Amino acid sequence: ANAGANLAEILMDVTMPVSVSLGRTKMYMKDLLHLTNGSIVELDQDLGDEVEIRVNNCVLAYGEVVAVDGNYAVRILRMAPGRTDLRGAREKAAA
């Protein structure tokens, strides 16, 4: 059990890549080649739609874009199915 606890403690300090997906689109190659500074790429989501919060390219949760001190941030609205209790992962790893 002690080895599991040590491993869990080590894993708690691992940094993971987190990204937020605002939307997607498909473009023809000819249109991609015409992109320049100031070009606008339209996405498949409306302004008020939920965004995906991804960790290591897996959807962790869904949220809404907000502003915090002049920076973009995401408020989590709901966890993705199967990702509802990440806090319990630490206790399970230590057991």
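Use the structure listed above.
(A) Up close: the overall build of the protein chain. Scanning the protein chain from N- to C-terminus turns up three helices and four strands. Expressed as a percentage of its 95 residues, the buried residues of the protein chain come to 17%. Residue pairs in contact within the protein chain that sit at least 24 positions apart in sequence constitute 38% of those at least 6 positions apart. By element, 55% of the accessible surface of the protein chain is carried by carbon and sulfur atoms, the whole surface being about 8,000 Å².

(B) Structural detail: the packing of aromatic side chains. The final tally for this structure, using the stated rule, is zero aromatic pairs. K30 extends its terminal NZ or CZ atom over the ring of Y28, reaching a point 5.8 Å from the ring centre. Lying over the aromatic face of Y62, R78 brings its terminal NZ or CZ to 4.2 Å of the ring centre.

(C) The arrangement of the side chain of R54 in detail. By secondary structure assignment, the location of R54 is in strand β2 (residues 51-55). Judged by relative accessible area, R54 falls into the buried class, the value being 16%. At 2.9 Å, the side chain of R54 forms a polar contact with the backbone oxygen of N57. Discounting residues that sit within four places of it in the chain, R54 has contacts with P17, V18, S19, R24, V59 and L60.

(D) Examining the sheet that holds β2 more closely. Strand order in the open sheet formed by four strands is β1-β2-β3-β4, with antiparallel pairing between adjacent strands. Among the strands making up the open sheet, the edge pair consists of β1 (18-21) and β4 (71-79). Ignoring which end each strand starts from, the neighbouring axes of this sheet average 40° apart.

How each quantity is defined
Residues numbered from 1 in each chain as written. Predicted model: local features only at pLDDT ≥ 70, side-chain atom pairs only at ≥ 80, totals over all residues. Heavy atoms only, no water. Helix = DSSP H or I, 4+ residues; strand = E, 2+ residues; numbered from the N terminus. Buried < 20%, exposed > 50% of the residue type's maximum accessible area, 1.4 Å probe, protein only. Contact = heavy atoms within 4.5 Å. Areas by Shrake-Rupley, 256 points an atom, 1.4 Å probe, with all protein chains shown as cover. Phe/Tyr/Trp six-rings, centres within 6.5 Å; stacked < 30°, edge-to-face > 60°. Lys NZ or Arg CZ within 6 Å of the ring centre and 35° of its normal. Polar contact = N/O pair within 3.5 Å; in protein donor to acceptor, adjacent residues only side chain to side chain. Pairing = 2+ DSSP bridges. Axes fitted to C-alpha atoms, helices over the stretch in contact; angles between N-to-C directions.

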